[in-house]
Amino acid sequence: MNILFIRSHTFLINEVENALRKRADLTITTLSMPLNPDQDTIASALDGIQSVLPALVIIINDTGTDKNGVFVTELIKRRCFIVNWFHDYPLYEEIFSGRVLLTDAHIIYLVSEQSFVDILQARGCTTFFMPLATDPSYFPKADDTRFIYDVSFVGNSSSLFIDSIMTEARGNEINKLLPLVASLKKLYYANPQTDIHQYLFDIKTQWADTTSLDVNETVFLLEWLCGYFYRRDFVVAVSEHFKERFVCFGDGDWEHFIKRSRVSAEACYYTTLYKCYAATKVNLNINRIQIRTSFTQRIFDCAACGAFLLTDKRELNSTYFSLDGSDQELVEFTSLNDCIDKTEYFITHECERNAIAERAQKKVLELHTYDNRIASILAICKDVWGV
């Protein structure tokens with residue numbers, strides 16, 4: 001089978017290409033493209049790949065394709081089938097930059113959050129849930145397993161992203177909804193499993209006429225703001241409790257909220273992050289608010305290198321891991337206090353902690369690598385298209 005892999009500037013590119021190239025039954029052609037190619041670039045690319053078409057085309061997060069859908073449409077005209085795997089919110093660029101969401105029988109959309117399936121299917125898109133995974137070549141078992149930290153969190157502060165989407169004009173409109181923002185924070189802080197996205201649509205008549213912003217744009221901004229405040233305040237509270245036993249591997253903006261001595265920039269995803277996981281007794285996972293039912297790659301990466309992870313409660317945790325009993329593979333928390341109590345417990349219960357981590361590692365390396373995901377994607381393509 002001919003595979004045309006569109007390589008551009010986004011997360012997941014290396015992992016997917018590595019997994020594809022392990023398959024002896026596939027003929028892989030990689031086409032490097034800018035994030036949003038212009039018409040001349042598209043024409044040149046089409047000329048250069050004629051000899052490998054038709055093909056199954058794999059795209060990550062829309063990257064390497066133009067916002068008007070010209071490139072993908074031209075590939076379909078050349079009898080290609082398209083798989084577009086979103087590791088982020090699939091309608092972000094439609095909302096903020098006018099990208100066209102194509103609906104065509106030759107396109108399959110994959111999403112890494114289960115609740116996104118219904119959103120795209122409602123738009124007429126063929127959509128499947130495809131969770132992220134791990135690439136063990138980037139997350140091997142660390143040779144040096146000495147613990148340096150009792151507890152750590154890995155993640156950006158999201159301050160730059162908030163600044164990028166909250167323009168002055170949008171900020172002025174959101175200011176009209178400050179009472180709603182306060183109520184959303186109170187609701188989510190009390191129950192982090194609350195689907196703020198759906199809640200906002202359920203009460204749309206109470207706020208939609210207050211702002212001139214588009215409804216989908218407003219919902220995105222309000223949900224992100226709520227999640228930004230929640231994760232920031234959660235990390236600050238954890239830092240204050242554990243003090244110098246805690247480290248945050250993230251960007252420098254965390255220093256505005258927690259002590260500089262507790263912020264580290266040494267975690268590079270593809271080179272050193274696995275060592276940071278392995279050097280920590282309890283690694284905390286606090287999902288973004290848009291991850292309503294599932295999880296990011298962190299749950300798999302951490303397990304792959306044999307490290308222990310304590311993660312927030314999500315519906316699909318129990319689908320992919322055993323959460324209790326003698327075969328427990330994952331531990332979840334339901335609140336800040338629960339997180340702190342369980343972290344303190346597992347810091348001192350080494351044998352139990354290691355046993356859970358070892359079982360999680362075995363599960364992940366067997367079932368949740370990108371090799372597994374590519375096999376699943378090809379099976380979907382065969383079921384839907386017969387290719």
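Here the structure is shown first, and the text comes after it.
Overview of the structure. (Residues numbered from 1 in each chain as written. Predicted model: local features only at pLDDT ≥ 70, side-chain atom pairs only at ≥ 80, totals over all residues. Heavy atoms only, no water.)

### Structural notes on the overall build of the protein
Stated formally: By definition, any uninterrupted DSSP run of H or I lasting at least four residues is a helix, any uninterrupted run of E lasting at least two residues is a strand, and each is numbered from the N terminus. The contact criterion used throughout is that any non-hydrogen atoms of two residues lie within 4.5 Å. Each accessible area is a Shrake-Rupley estimate made with a 1.4 Å probe; only the visible protein chains count as cover when residues are assessed. None of His or the chain ends enter the tally, which takes Lys and Arg as positive and Asp and Glu as negative. Here the site of a charge means NZ on Lys, CZ on Arg, CG on Asp, or CD on Glu.
From N to C terminus, the protein includes 16 helices and 12 strands. Dimensions of the protein, computed from the C-alpha atoms along their principal axes, are close to 60 × 55 × 35 Å. When contacts within the protein are restricted to residue pairs at least 6 apart in sequence, long-range pairs at least 24 apart make up 71% of them. Surface summary for the protein: the accessible area is close to 16,800 Å², and the carbon and sulfur share equals 50%. Computed over 38 positive and 51 negative side-chain charges, the separation of the two mean positions in the protein equals 2 Å.

### Some thoughts on helix 3 (residues 70-77)
Formally: For the exposure calls, accessible area comes from a 1.4 Å probe over protein chains only, and a residue counts as buried if that area is under 20% of its type's maximum, exposed if over 50%, partly exposed in between. What the arc describes is the spread of directions from the helix axis to the C-beta atoms.
Within the span of helix 3, buried status applies to Phe-71, Val-72, Leu-75 and Ile-76. For helix 3, the angular spread of the buried residues around the axis is 135 degrees, confining them to a single face. Taken together, the buried residues of helix 3 touch strand 1 (2-7), strand 2 (27-32), helix 2 (39-48), strand 3 (56-60), strand 4 (81-86) and strand 5 (107-111). At the exit of helix 3 stands Arg-79, carrying a positive phi of roughly 70 degrees.

### Some thoughts on the side chain of Asp-312
Note the threshold: Polar contact is the term for a pair of N or O atoms within 3.5 Å; when the atoms are in protein, one must be able to donate a hydrogen and the other to accept it, and sequence-neighboring residues count only if both atoms are side-chain atoms.
Its location among the elements puts Asp-312 in strand 11 (residues 309-312). Looking at Asp-312, its side chain comes within polar contact range of the side chain of Thr-311, at 3.3 Å. Setting aside its immediate chain neighbours within four residues, Asp-312 contacts Asn-285, Ile-286, Asn-287, Asn-317, Glu-332 and Phe-333.

### Overview of the sheet that holds strand 2
Two orientations exist for strands paired in a sheet by backbone hydrogen bonds: parallel and antiparallel. Under the convention used in this document: Strands are labelled as partners when DSSP assigns at least two bridges between them. Here the axes come from fitting lines to C-alpha atoms, over the contacting stretch only for helices, and the angles between their N-to-C directions go from 0 to 180 degrees.
Spatially, the 6 strands line up as an open sheet ordered 2-1-3-4-5-6, and their pairing is parallel. Strands at the two margins of the open sheet, each flanked by one partner only, are strand 2 and strand 6 (126-129). This sheet shows a mean twist of 20 degrees between the axes of neighbouring strands, independent of strand direction. Relative to the sheet, helix 3 contacts strand 1, strand 2, strand 3, strand 4 and strand 5, its axis offset from that of strand 4 by approximately 145 degrees. Of the strands in this sheet, strand 3, strand 4, strand 5 and strand 6 touch helix 16 (residues 370-385), which is tilted by about 140 degrees from strand 4.

### A word on the packing of aromatic side chains
Stated formally: Here the aromatic set is Phe, Tyr and Trp, taking the six-membered ring for Trp, and pairing holds for ring centres within 6.5 Å; pairs whose planes are under 30 degrees apart are stacked, those over 60 apart are edge-to-face, and all others are tilted. For a lysine, the NZ atom is tested; for an arginine, the CZ atom; a charge sits over a ring if that atom is within 6 Å of the ring centre and within 35 degrees of the ring normal.
Applying the stated criterion across every chain yields a total of 28 aromatic pairs. Seen from their ring centres, Tyr-269 and Tyr-270 are 4.8 Å apart, and the 85 degrees between their planes marks the pair as edge-to-face. Between the aromatic rings of Phe-295 and Tyr-320, the centroid separation amounts to 5.4 Å while the plane-to-plane angle is 85 degrees, which identifies the pairing as edge-to-face. In this pair, Phe-295 is assigned in the loop between strand 10 (280-285) and helix 12 (298-304) and Tyr-320 in helix 13 (residues 317-320), connecting sequence segments 25 residues apart. For the pair formed by Phe-295 and Tyr-320, the shared burial category is buried. Between Lys-185 and the ring centre of Phe-229, over which it is positioned, the NZ or CZ distance is 4.6 Å. Here the guanidinium or amino end of Arg-373 rests over the ring plane of Phe-300, the centre of that ring lying 5.4 Å away.

### Overview of the pattern of salt bridges
Note the following rule: Any Lys or Arg side-chain nitrogen located within 4 Å of an Asp or Glu carboxyl oxygen qualifies as a salt bridge.
Applying the stated criterion across every chain yields a total of 26 salt bridges. Taking the shortest distance from any N to any O, the salt bridge between Asp-88 and Arg-288 comes out at 3.2 Å. Of this pair, Asp-88 sits in the loop between strand 4 and helix 4 (92-97) while Arg-288 sits in the loop between strand 10 and helix 12, and the two are 200 residues apart along the sequence. Taking relative accessible area as the criterion, Arg-288 reaches 22% and is therefore assigned partly exposed. In this structure, Arg-292 engages Asp-195 in a salt bridge whose closest nitrogen and oxygen atoms are separated by 3.9 Å. Linking Arg-292 in the loop between strand 10 and helix 12 with Asp-195 in the loop between helix 8 (178-190) and helix 9 (196-202), this pair joins segments that are 97 residues apart in sequence. Note on Arg-292: relative accessible area 11%, which makes it buried.

### Some remarks on the pairing of strand 10
Across a regular strand the side chains alternate sides, sitting on one face of the sheet and then on the other. Going by this rule: When the strands point away from the viewer, a crossover counts as right-handed if the route from the first strand across the helix to the second turns clockwise.
Of all 6 residues making up strand 10, 5 are buried, and the element is well covered by its neighbours. One ladder, built from 3 bridges, connects strand 10 with strand 11; its direction is parallel. Looking at the pairing, Asn-283 lines up with Leu-309 of strand 11. For the segment spanning strand 10, helix 12 and strand 11, crossover handedness is right-handed.

### Focus on the environment of Trp-385
Relative to the helices and strands, Trp-385 resides in helix 16. Expressed as a C-alpha distance, the spacing of Trp-385 and Thr-27, which sit 358 residues apart in the sequence, is 18 Å. In contact with Trp-385, not counting residues within four places along its chain, are Leu-56, Phe-81, Ile-82, Val-83, Ala-105, His-106, Ile-107 and Ile-108.

### Let's talk about the nonpolar core
Stated formally: Residues grouped as a nonpolar core are buried Ala, Val, Leu, Ile, Met, Phe, Trp, Tyr and Cys residues, joined through side-chain atoms within 4.5 Å.
Among the nonpolar cores identified, the biggest contains 113 residues, and Leu-4, Leu-75, Ile-82, Phe-139, Ile-174 and Phe-246 are the most heavily contacted of them. Apart from the residues within four sequence positions on either side, Phe-139 is in contact with Thr-134, Tyr-269, Leu-273, Tyr-274, Tyr-277, Asp-301, Ala-304 and Cys-305. Ranked by size, the runner-up nonpolar core spans 26 residues in total, among them Phe-5, Leu-20, Leu-56 and Ile-60.

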